[in-house]
Amino acid sequence: MKVPLAEALLDPFFYYNLKINSIPSVEHLPGSKITGLLNSPKNQIEILIDGKKIKKLYIKDLQQELLLFPLYNIHKTEIIKDCSPGIYVEQKAIGFISSYEIKLDSFDIEHLQFNLLQFNDKLLLQQPSYQNKNFRFRKKETLLIYQNSFEVL
């Protein structure tokens, strides 16, 4: 392709020419991945039970630093990481980022745990859990709006 590898990784034809069935796109590349819902006013969390919306939240609603009692069960992990040598791919998408489900006999929002990740200057909401059980990923419907790759030497 006669372009730097970091640039070629964003080209869909690169994976066609690569001819490795286990790596059909940039999403299947080996390496560490940090994903989640960015803290922005447009992003929202909806909790549905039997198809009925019972709660609509924003990530700012989960941050409880100024409250006397926490409203929600939060687990926050902070990662401060400098870019070590390697190739990095950034992506931003809009749409239905993810849907999770879990089968329960009864639901109590106090047992729902929201997992937040503070990565450098970004706050991300990651997969929630309920009474230490992980939700099953159901679907996502997104449109990629930003993609960038770069190499750190």
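Report follows, based on the coordinates. Here the structure is a predicted model, which means the values were calculated and not measured.

Focus on the nonpolar core
Okay, so step 1: In this structure, Ile-45, Leu-57, Ile-59, Leu-62, Phe-114 and Leu-125 are the most contacted members of the largest nonpolar core, which totals 14 residues.
Okay, so step 2: The residues contacting Ile-45, other than those within four sequence positions of it, are Leu-37, Lys-55, Lys-56, Leu-57, Tyr-58, Ile-59, Leu-62, Phe-114 and Leu-125.
Okay, so step 3: By size, the runner-up hydrophobic cluster in this structure holds seven residues, among which are Phe-14, Tyr-15, Ile-23 and Val-26.

Topic: a nonpolar patch on the surface
Okay, so step 1: On the surface, Ile-94, Leu-143, Ile-145 and Tyr-146 cluster together into a nonpolar patch covering about 390 Å² of accessible area.
Okay, so step 2: Sorting elements by how many residues they give to the nonpolar patch places strand S9 (residues 136–152) first, with three residues.
Okay, so step 3: By the element assignment, Tyr-146 lies in strand S9.
Okay, so step 4: You can call Tyr-146 partly exposed: its relative accessible area is 37%.

Some details on the side chain of Gln-113
Okay, so step 1: Mapping Gln-113 onto the fold places it in strand S6 (residues 112–119).
Okay, so step 2: In this structure Gln-113 comes out as buried when scored by relative accessible area, which is 18%.
Okay, so step 3: Within polar-contact distance, the side chain of Gln-113 engages the side chain of Asn-115 at 2.9 Å.
Okay, so step 4: Once residues within four sequence positions are removed from consideration, Gln-113 is found in contact with Asn-73, His-75, Pro-128 and Ser-129.

Some details on the pattern of salt bridges
Okay, so step 1: All chains considered together, the criterion is met by five salt bridges.
Okay, so step 2: Note that Lys-53 and Glu-46 form a salt bridge whose closest N and O atoms lie 3.3 Å from each other.
Okay, so step 3: Assessed through its relative accessible area of 36%, Glu-46 is described here as partly exposed.
Okay, so step 4: Among the ionic pairs, Lys-139 bridges to Glu-141, the shortest N-O distance being 3.5 Å.

Scoring rules and cut-offs
Residues numbered from 1 in each chain as written. Predicted model: local features only at pLDDT ≥ 70, side-chain atom pairs only at ≥ 80, totals over all residues. Heavy atoms only, no water. Core = buried A, V, L, I, M, F, W, Y, C linked by side-chain atoms within 4.5 Å. Buried < 20%, exposed > 50% of the residue type's maximum accessible area, 1.4 Å probe, protein only. Contact = heavy atoms within 4.5 Å. Patch = residues over 30% accessible without salt bridge, like charges linked within 9 Å, V, L, I, M, F, W, Y side chains within 5 Å. Areas by Shrake-Rupley, 256 points an atom, 1.4 Å probe, with all protein chains shown as cover. Salt bridge = Lys/Arg side-chain N within 4 Å of Asp/Glu carboxyl O. Helix = DSSP H or I, 4+ residues; strand = E, 2+ residues; numbered from the N terminus. Polar contact = N/O pair within 3.5 Å; in protein donor to acceptor, adjacent residues only side chain to side chain.

It is worth stressing that arrangement in space is one thing and function is another; only the former is reported here.
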